[in-house]
Amino acid sequence: LLNANEASEGNVRQRLCKAVASHAEFMLKRDVSDNKAIGAFGAEAILNHIGDGTNARVVTICNTGSLATAGFGTALGVVRALQQKNRLASIHALETRPYNQGSRLTAFEIMEEKMPGGTLICDSSAGFLMAKKGVDAVVVGADRVCANGDTANKIGSYNLALVAAAHGVPFYVASPFTTLDLTLSCGDEIEIEERPATEMINTSKAPLDMPCWNPAFDVTPAKYITGIITEKGVIKRSDDGTIDVKAFVLEHSS
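In what follows, the accompanying structure is described. Note that the structure is a prediction, hence the values are computed from the model and not measured.

1. Some remarks on the overall build of the chain
Then comes step 1: Of the regular secondary structure elements, the chain holds seven helices and 11 strands.
Then comes step 2: Burial status across the chain gives 43% buried among its 254 residues.
Then comes step 3: Contacts in the chain between residues at least 24 apart in sequence constitute 75% of all its contacts with a sequence separation of at least 6.
Then comes step 4: For the chain, the computed accessible surface area is about 13400 Å², with 54% contributed by carbon and sulfur atoms.
Then comes step 5: Of note, the chain has its 24 positive side-chain charges centred 6 Å away from the centre of its 29 negative side-chain charges.

Here it is in structure tokens:
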């Protein structure tokens, strides 16, 4: 009887392990498929905006590529899609202070995939880049998108959106459909994580006892966002400056 019970428990464990592995493989395939759809929709939106057949000059922040997803990326997936179409002129990555995800991760992916015009820049130089060299689009990721389109992302994204608006550069958010959160009406309802001061001090070499304010994310108001790119399509900003995320979710929810 004991051996029979042990055998039964062994079968249960095997079935559970198989079920978990099978679902993990499903999630992997779905994530890559969703990311590629985001890339395709995003590339189309950017090229339609350019309109004259020239290749796209893109700026991004943080890491949203294969190192952050299952293997293709969201915002960087849009850049990959442009590269695959031979329509990428350049990609400038912000270093993304204070933790440097752009310089440590995105720069690595750009170099590994030999993306044309791949260049790392300081966070504070994006505006001067737009003024002197020209940029066709900014594409960032998202940690949360509210019902009104306000979007939380890595700290520095809001600054980048303001700079893009000042130079007439489209600002796109690329994120999975699951990031759209109708339980939050606007960005004021998003709780923003504040990181330890040591992260900023260690990377900036500031005095050890220097007080720091180190939010991990910021919120970009919808009025500065040109469109939100998902695997189900692009949510475009209306003429009145609003983005109706709720209507898009209700239309595309299965």
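On we go.
2. Considerations on the sheet that holds strand E7 (residues 171–174)
Then comes step 1: The seven strands lie next to each other as E3-E2-E1-E4-E7-E10-E11, forming an open sheet whose pairing is mixed. Two strands close off the open sheet at either side, each with one partner strand: strand E3 (118–121) and strand E11 (233–236). If you compare each strand with its neighbour and ignore which way they point, the axes differ by 25 degrees on average.
Then comes step 2: For strand E1 (residues 56–60) and strand E4 (residues 137–140), the ladder comprises two bridges, and the chain directions are parallel. Paired with Val-58 across the two strands is Ala-137, which belongs to E4.
Then comes step 3: Packing against the sheet, helix H3 (residues 101–112) makes contact with E1, strand E2 (88–94) and E3, and its axis sits at approximately 160 degrees to E2.

3. Let's talk about the sheet that holds strand E9 (residues 217–220)
Then comes step 1: Overall, mixed pairing links the four strands, which are arranged E8-E5-E6-E9 in an open sheet. Two strands bound the open sheet, and with one partner strand each, they are strand E8 (180–181) and E9.
Then comes step 2: Together, strand E6 (151–154) and E9 form the strand contacts of helix H5 (residues 157–166), whose direction differs from that of E9 by roughly 35 degrees.

4. As for the pairing of E1
Every regular strand shows the same layout, with side chains that alternate between the two sheet faces.
Then comes step 1: Burial analysis of E1 places four of its five residues in the buried class, which makes it a mostly covered element.
Then comes step 2: Strand direction decides the pairing type here: E1 and E2, joined by five bridges, are parallel. Paired with Arg-57 across the two strands is Ser-90, which belongs to E2.

5. Describing the pattern of salt bridges
Here the idea is simple: oppositely charged side chains can pair when their charged atoms come close.
Then comes step 1: Overall, the coordinates contain six salt bridges when judged by the stated rule.
Then comes step 2: For Glu-113, the salt bridge goes to Arg-80, with nearest N and O atoms at 2.7 Å. Remark: Arg-80 occurs in helix H2 (residues 75–84) and Glu-113 occurs in the loop between H3 and E3; sequence separation between them is 33 residues.
Then comes step 3: Given the relative accessible area of 3%, Arg-80 is considered buried.
Then comes step 4: Taking the shortest distance from any N to any O, the salt bridge between Glu-193 and Arg-195 comes out at 2.8 Å.

6. Here's the deal with the side chain of Thr-230
Then comes step 1: Within the secondary structure layout, Thr-230 lies in strand E10 (residues 227–230).
Then comes step 2: A distance of 3.0 Å separates a polar side-chain atom of Thr-230 from the backbone nitrogen of Lys-232.
Then comes step 3: Excluding residues within four positions of it along the chain, Thr-230 makes contact with Ile-38, Phe-41, Ser-175, Phe-177, Leu-180 and Phe-248.

7. Topic: H3
Then comes step 1: Taking 1.5 Å as the rise per residue, H3 with 12 residues should run 16 Å; its terminal C-alpha atoms sit 16 Å apart, in good agreement.
Then comes step 2: Among the residues of H3, those classed as buried are Gln-101, Gly-102, Thr-106, Ala-107, Glu-109 and Ile-110. Mapping the buried residues of H3 onto a view down its axis gives an arc of 160 degrees, with all of them on the same face. Along H3, exposed side chains directed more than 90 degrees from the buried face belong to Met-111 and Glu-112.
Then comes step 3: On its buried face, H3 is in contact with E1, H2, E2, E3 and E6.

8. Notes on the packing of aromatic side chains
Then comes step 1: Overall, the coordinates contain two aromatic pairs when judged by the stated rule.
Then comes step 2: Measuring from ring centre to ring centre gives 6.4 Å for Tyr-158 and Tyr-224, while their planes differ by 45 degrees; the resulting arrangement is tilted. Highlighted residues: Tyr-158 in helix H5 and Tyr-224 in the loop between E9 and E10, separated in sequence by 66 residues.
Then comes step 3: On the numbers, 6.2 Å between centres and 50 degrees between planes, the contact of Phe-177 with Phe-248 is tilted. Here the residue Phe-177 occupies a position in the loop between E7 and E8, and Phe-248 occupies one in helix H7 (residues 245–252), the gap between them amounting to 71 residues.

9. Re the environment of Tyr-172
Then comes step 1: Residue position: Tyr-172 is located in strand E7.
Then comes step 2: With relative accessibility at 6%, the residue Tyr-172 sits in the buried group.
Then comes step 3: Measuring from C-alpha to C-alpha, the distance between Tyr-172 and Thr-226 comes to 5.5 Å, with 54 residues separating the pair along the chain.
Then comes step 4: When near neighbours in sequence (up to four residues on either side) are disregarded, Tyr-172 contacts Ala-45, Ile-46, His-49, Ala-137, Val-138, Val-139, Val-140, Thr-226, Gly-227 and Ile-229.

What counts as what
Residues numbered from 1 in each chain as written. Predicted model: local features only at pLDDT ≥ 70, side-chain atom pairs only at ≥ 80, totals over all residues. Heavy atoms only, no water. Helix = DSSP H or I, 4+ residues; strand = E, 2+ residues; numbered from the N terminus. Buried < 20%, exposed > 50% of the residue type's maximum accessible area, 1.4 Å probe, protein only. Contact = heavy atoms within 4.5 Å. Areas by Shrake-Rupley, 256 points an atom, 1.4 Å probe, with all protein chains shown as cover. Lys, Arg positive; Asp, Glu negative; His and termini not counted. Charge placed at Lys NZ, Arg CZ, Asp CG, Glu CD. Pairing = 2+ DSSP bridges. Axes fitted to C-alpha atoms, helices over the stretch in contact; angles between N-to-C directions. Salt bridge = Lys/Arg side-chain N within 4 Å of Asp/Glu carboxyl O. Polar contact = N/O pair within 3.5 Å; in protein donor to acceptor, adjacent residues only side chain to side chain. Expected span 1.5 Å × (residues − 1). Arc of directions from axis to C-beta. Phe/Tyr/Trp six-rings, centres within 6.5 Å; stacked < 30°, edge-to-face > 60°.

That's the geometry; what it means functionally is another story.
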